[in-house]
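Reading the structure
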Amino acid sequence: MPLSSNFQDETDKNEKPSYFNSPPLDVSVAFPQATPASVFPPSVSDYYQFDDLLSTEEQMLRKKVRAFMENEVAPIMAEYWEKAEFPFEIVPKLAHLGIAGYTTKGPGCPGLSVTTSAIANAEVARVDASVSTFLLVHSVGMLSIASFGSEEQRRKYLLPLAQLKTIACWALTEPDYGSDASHVNTTARKVEGGWMLDGQKRWIGNSTFADVLVIFARNTTTNQINGYIVKKDTPGLTATKIANKIGVRMVQNGDILLKNVFVPDEDRLPGLNSFLDTSKVLDVSRVMVAWQPIGISMGVYDMCLRYLKERNQFGAPLAAFQINQQKLAQMLGNIQAMTLVGWRLCKLYDKGTMTPGHASLGKSWITLRARETVALGRELLGGNGILADFLVGKAFCDLEPIYTYEGTYDINSLVTGREITGIASFKASATSKHSRL
């Protein structure tokens, strides 16, 4: 007889065991260990007093963003991360921060410097990388419209985007070309009154719910990359959520299918006429993405320090053990170095002297150091290091997509390598190619 049937027979004949009537176990009382990340720890990672380098306005914005993330996002992030859903209820409150669009200038837009934007972005990522990515994708879409759009397009789209009444996404990456971003197979064919778009995009954040999609396609007449504003629910446009991600799970990345999607002439971005134009937006984006790992590492360090002071083993707080202190010091040193590299990158951009190699080295090196920092944090928390409740396991997973997007570590390293040697090494030589059998 199957076990389940036998169990049912026994419980029918006899009075139910006492544990069936026991009240539910309060795990927080039964297993007190440390304060979870839903009550976010204080910020203690600014060991070299980097805050002194910021203006009064930048310090105030940093505190404002930090308070919002700790109070509004920290209590709900583990739940939404587990469900792989985005917490849309925070969007109206997020709008009140006035940072949507970051560097974007235009009607209602914040028009912040790259440095100020990077500081705010790090504070968002310190608590949650998914919300940071949501804002970044939205802001890059806004920046494209502001940089390459007509005055009419700027008036029409920027204000509601800045107020987060409408949401944007930015669609460049395609299924067949990830790191090789300049290869765009999606086509834009001129027709009467507009353009007909056909193709595919992949890994596009916000795409499943975005009201405004900035789509990059190759003009079939000029063979150059152009930009187009596509509205949600346009016939022929389909966006499907990519499931089963291990990181930034709240971000709704999607596969976009464009099949005979008509875009009227007034929704083509007139100033975007080549991949070089696209690169101007990518330069800003790469600087901003470099600050996400800084913010993530800050949050992990803050969490680890509090946890080690609260959690006792072998008759003492974990913070009292030498190996744990060494790991904390290594994490803290990484954060100081990452911050200073990120800071210098912003200043080079503000001066107009930042090169693609600068941006790529900053993004790749900072992300590599962040990976090390978060891995040390995962070790420090032991078994709790794999729980989203204590932040570190979640941050460990969230960092993996960031290590890859906006150019993988390897590709960004090769961009810098090309700049310092004058030799491009991206493509395999002809002799290394082999034909399929």
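Above this text sits the structure in question.
Residues numbered from 1 in each chain as written. Predicted model: local features only at pLDDT ≥ 70, side-chain atom pairs only at ≥ 80, totals over all residues. Heavy atoms only, no water.

Another aspect to go through is the pattern of salt bridges. Counted under the stated rule, the structure contains 20 salt bridges. Of the charged contacts in the structure, one is a salt bridge between Glu72 and Lys93, with a shortest N-O distance of 3.0 Å. Taken as a pair, Glu72 in helix α3 (residues 56–73) and Lys93 in helix α5 (residues 91–95) lie far apart in primary sequence, 21 residues in all. Ionic pairing is found between Arg126 and Asp302, a salt bridge with its closest N-O pair at 2.8 Å. Of this pair, Arg126 sits in helix α6 (residues 114–127) while Asp302 sits in helix α9 (residues 275–310), and the two are 176 residues apart along the sequence. Of the two residues, Arg126 and Asp302, both sit in the buried class. One network of salt bridges, in which partners are shared, links Asp51, Arg62, Arg66 and Glu123. (Salt bridge = Lys/Arg side-chain N within 4 Å of Asp/Glu carboxyl O. Helix = DSSP H or I, 4+ residues; strand = E, 2+ residues; numbered from the N terminus. Buried < 20%, exposed > 50% of the residue type's maximum accessible area, 1.4 Å probe, protein only.)

The subject of this paragraph is unusual backbone geometry. Not every positive phi belongs to a glycine, and Asn206 is a case in point at roughly 70 degrees. Here Asn206 shows up in the loop between β3 (194–205) and β4 (212–219). Accessibility expressed as a relative area gives 1% for Asn206, which makes it buried. One non-glycine residue, Asp233, lies in positive phi territory at about 70 degrees. Mapped onto the secondary structure, Asp233 falls in the loop between β5 (225–231) and β6 (237–241).

The next thing to look at is a nonpolar patch on the surface. A surface patch of nonpolar side chains, amounting to about 480 Å² of accessible area, comprises Tyr47, Tyr48, Leu53 and Leu340. You can see Leu53 is positioned in the loop between α2 (27–30) and α3. (Patch = residues over 30% accessible without salt bridge, like charges linked within 9 Å, V, L, I, M, F, W, Y side chains within 5 Å. Areas by Shrake-Rupley, 256 points an atom, 1.4 Å probe, with all protein chains shown as cover.)

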